[in-house]
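Here are the chains, one letter per residue:
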Amino acid sequence: MTAAEKATLALFVDLASAQLGSGYAEAKREYHFTGDAEAAGTESLEQVAADVRSCEHCRLCKARKNAVPGEGASSPLVMVIGEGPGADEDETGRPFVGRAGQLLDKMLAAIGLSRTSNCFIANVIKCRPPGNRDPQPDETAACASFLSRQIQLLSPRFILCAGRVAAQTLLQTTEPIGRLRGKFTDYQAGGLSIPFIATYHPSALLRDEKLKRPAWEDLKLLRSALDETMQ
Ligand code: URA
């Protein structure tokens, strides 16, 4: 059984027990599944991408034109994690290719990073929510194993998280992005501990010029940390 199939089964069990109503509120459970390929060490980014493209674990598969697994360097210094595909990404099957993506590329270039050399770019959810609404908790849960498989395979030196939705999802918090950004935390994922920094989403920067300065401060922090690790 693949990790994605196990995640679907667990989601189904959770939904079924919620439907049956056990009479008390149970804390939300967190899962990380090891698929047979992962356990056997034969897991690959291509396999994750193929699983994403054929995924039907939640309602978002129905309206998608293309699922968007992610792209970039296979041994990245930085893994950039955004929220989910928009219209342009749904059209092309590639992450961050619209206006926000073009700004993201410029922001990365300003600190010596690019998706063609030293970054991998992915999203928390891999299919476009209708009208670009926030992903719903069951959609995020259905997609979670894809991102954790990617993080395990890529083992990036740093994670740069773009925007509120991605930061809140990864850090399992409802704190506003203004309080999550601007500092490093360690992101724990399946035995890995990866320095993690969040910043404003490039589309927020396109809407509000005032956010550009703090976002630039975040990028400079990341650049300094990269320089330190490479000494
Ligand atoms: N916004 C995101 O969060 N991700 C994309 O891929 C595109 C826009």
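Just so it is clear, the model here is predicted, and its values are computed rather than measured.

Rules and cut-offs
- Residues numbered from 1 in each chain as written.
- Predicted model: local features only at pLDDT ≥ 70, side-chain atom pairs only at ≥ 80, totals over all residues.
- Heavy atoms only, no water.
- Near = heavy atom within 4 Å.
- Polar contact = N/O pair within 3.5 Å; in protein donor to acceptor, adjacent residues only side chain to side chain.
- Areas by Shrake-Rupley, 256 points an atom, 1.4 Å probe, with all protein chains shown as cover.
- 1 Å grid on protein atoms, 1.4 Å probe; cavity = no way out; pocket = protein on both sides within 12 Å on 5 of 7 lines; lining within 4 Å.
- Sits in = over half its atoms within 2 Å of the grid points.
- Nonpolar A, V, L, I, M, F, W, Y, C, P; charged D, E, K, R; others polar.
- Pairing = 2+ DSSP bridges.
- Helix = DSSP H or I, 4+ residues; strand = E, 2+ residues; numbered from the N terminus.
- Contact = heavy atoms within 4.5 Å.
- Axes fitted to C-alpha atoms, helices over the stretch in contact; angles between N-to-C directions.
- Salt bridge = Lys/Arg side-chain N within 4 Å of Asp/Glu carboxyl O.
- Buried < 20%, exposed > 50% of the residue type's maximum accessible area, 1.4 Å probe, protein only.

A.B. asks: So, the site of the ligand: which residues are in play, and what are the values?
C.D. replies: Lining the immediate environment of the ligand, one finds G82, E83, G84, E89, P95, F96, N123 and H201. The contact in question runs from an oxygen atom of the ligand to an N or O atom on the backbone of E83, over 2.8 Å. Within the backbone of G84, a nitrogen or oxygen atom sits 3.1 Å from a nitrogen atom of the ligand. When isolated, the ligand has an accessible area of 240 Å², and the protein chains bury 91% of it. Taken atom by atom, the bulk of the ligand overlaps the second largest pocket. Residue composition of the shell around the ligand, grouped by class: 2 nonpolar, 4 polar and 2 charged.

A.B. asks: So what's going on with the sheet that holds strand 6 (residues 192-199)? Which residues, and what values?
C.D. replies: Ordered by their spatial adjacency, 6 strands build an open sheet running 1-3-2-4-6-5, and the pairing between neighbours is mixed. If you trace the sheet from one side to the other, it starts and ends with strand 1 (71-72) and strand 5 (184-189), each paired once. Bridging between strand 2 (residues 78-82) and strand 4 (residues 158-162) involves 4 bridges; their strand directions are parallel. The residue bridging V78 from the neighbouring strand is F158, located in strand 4. Contacts from helix 6 (residues 99-110) reach strand 2, strand 3 (119-123) and strand 4 within the one sheet, and its direction differs from that of strand 3 by about 145 degrees.

A.B. asks: Please provide a residue-by-residue account of the pattern of salt bridges, values included.
C.D. replies: Taken as a whole and judged by the stated rule, the model has 16 salt bridges. The partner of E43 in a salt bridge is R149, and the shortest N-O contact between them spans 2.6 Å. Of this pair, E43 sits in the loop between helix 2 (36-40) and helix 3 (45-53) while R149 is found in helix 7 (residues 137-154), placing the two residues 106 residues apart along the sequence. For the salt bridge of K65 with E91, the shortest nitrogen-to-oxygen distance reads 2.8 Å. Taken together, the positions of K65 in the loop between helix 4 (60-63) and strand 1 and E91 in helix 5 (residues 87-92) put the pair 26 residues apart, joining distant regions of the chain. For K65, a relative accessible area of 55% puts it in the exposed group. One salt-bridge network, held together by shared partners, links R59, R133, D138 and E139.

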